[in-house]
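# Summary of the model geometry
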Amino acid sequence: MAVLGVGGRFAFNTAFHAWDLNSRLLLANGALWALLGGWSLRVLAGSAGGRLPLWLPMMTGFIASGPLFAWSSWKFVWAVLRPGDYEPLEYPAVAIVEHGIAMGAGIAILGLLIRVHRARAATHAAAKANRPTAG
């Protein structure tokens, strides 16, 4: 997805001639979700965004994990099976590695979100249990 930032055009299949606006938008879409997912992880890990409300990085990470996992899953299958005249934009080996990493990133982002949610819920429940009752 973000192959352009990592290695330029060396990973792109030279036989693929449809390097048009749609191809560029598709790559930009994947890169955007990867960046937003990374940002949410950074904020939730506590290294940035101390004054942000919790829902913002949680929502962003949840939304980013879906496209990273789901979109890359079907692209991974297509890169492996290569049905019909399907030709990936990248070289096939690069496409398989790229989409495999993106699937793992989507799962990892979702896993961290679940851990953060459970930790915050436990902290909230403990604070509520220790609160004196009125009356």
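The structure displayed is predicted, hence computed values, not measured ones. (Residues numbered from 1 in each chain as written. Predicted model: local features only at pLDDT ≥ 70, side-chain atom pairs only at ≥ 80, totals over all residues. Heavy atoms only, no water.)

## A closer look at the packing of helix α2 (residues 21-44) against helix α4 (residues 92-130)
Relative to each other, α2 and α4 sit at 30 degrees, their axes nearing to 11 Å. As judged from the angle between their axes, α2 and α4 are roughly parallel. Here the hand of the crossing between α2 and α4 comes out left-handed. Of α4, the residues touching α2 (which contributes Gly37, Leu41 and Leu44) are Ile109, Leu112, Leu113 and Val116. A per-class count over the contact of α2 with α4 returns six nonpolar, one polar and no charged. (Axes fitted to C-alpha atoms, helices over the stretch in contact; angles between N-to-C directions. Helix = DSSP H or I, 4+ residues; strand = E, 2+ residues; numbered from the N terminus. Parallel < 35°, antiparallel > 145°, perpendicular 65-115°, else oblique. Left-handed = near helix turned anticlockwise from the far one by under 90°. Contact = heavy atoms within 4.5 Å. Nonpolar A, V, L, I, M, F, W, Y, C, P; charged D, E, K, R; others polar.)

## Observations regarding the packing of helix α3 (residues 55-81) against α4
Following both chains from N to C, one finds α3 and α4 inclined at 150 degrees, their axes separated by 7 Å at the closest point. By the criterion of interaxial angle, the relationship of α3 to α4 is roughly antiparallel. The handedness of the crossing between α3 and α4 comes out as left-handed. For the contact of α3 with α4, a count of residues per class yields 17 nonpolar, eight polar and one charged.

## What to know about the nonpolar core
In this structure, Leu44, Met58, Leu68, Ala102, Ile109, Leu113 and Val116 together form the largest nonpolar core, which totals seven residues. Broken down by secondary-structure element, the contributors of at least two residues to this core are α3 and α4. The element best represented in this core is α4, accounting for four residues. With residues near it in sequence (within four places) discarded, valine 116 still touches Leu44, Leu54 and Met58. (Core = buried A, V, L, I, M, F, W, Y, C linked by side-chain atoms within 4.5 Å. Buried < 20%, exposed > 50% of the residue type's maximum accessible area, 1.4 Å probe, protein only.)

## Considering the side chain of lysine 75
Mapped onto the elements, lysine 75 comes out in helix α3. Residue classification places lysine 75 among the buried positions, given a relative accessible area of 12%. With residues up to four places along the chain from it excluded, the contact list for lysine 75 reads Leu26 and His99.

## Details of α4
Between its first and last C-alpha, α4 extends 57 Å over 39 residues, near the 57 Å set by a 1.5 Å rise per residue. Ala95, Glu98, His99, Ala102, Met103, Gly106, Ile109, Leu113 and Val116 are the residues of α4 that are buried. (Expected span 1.5 Å × (residues − 1).)

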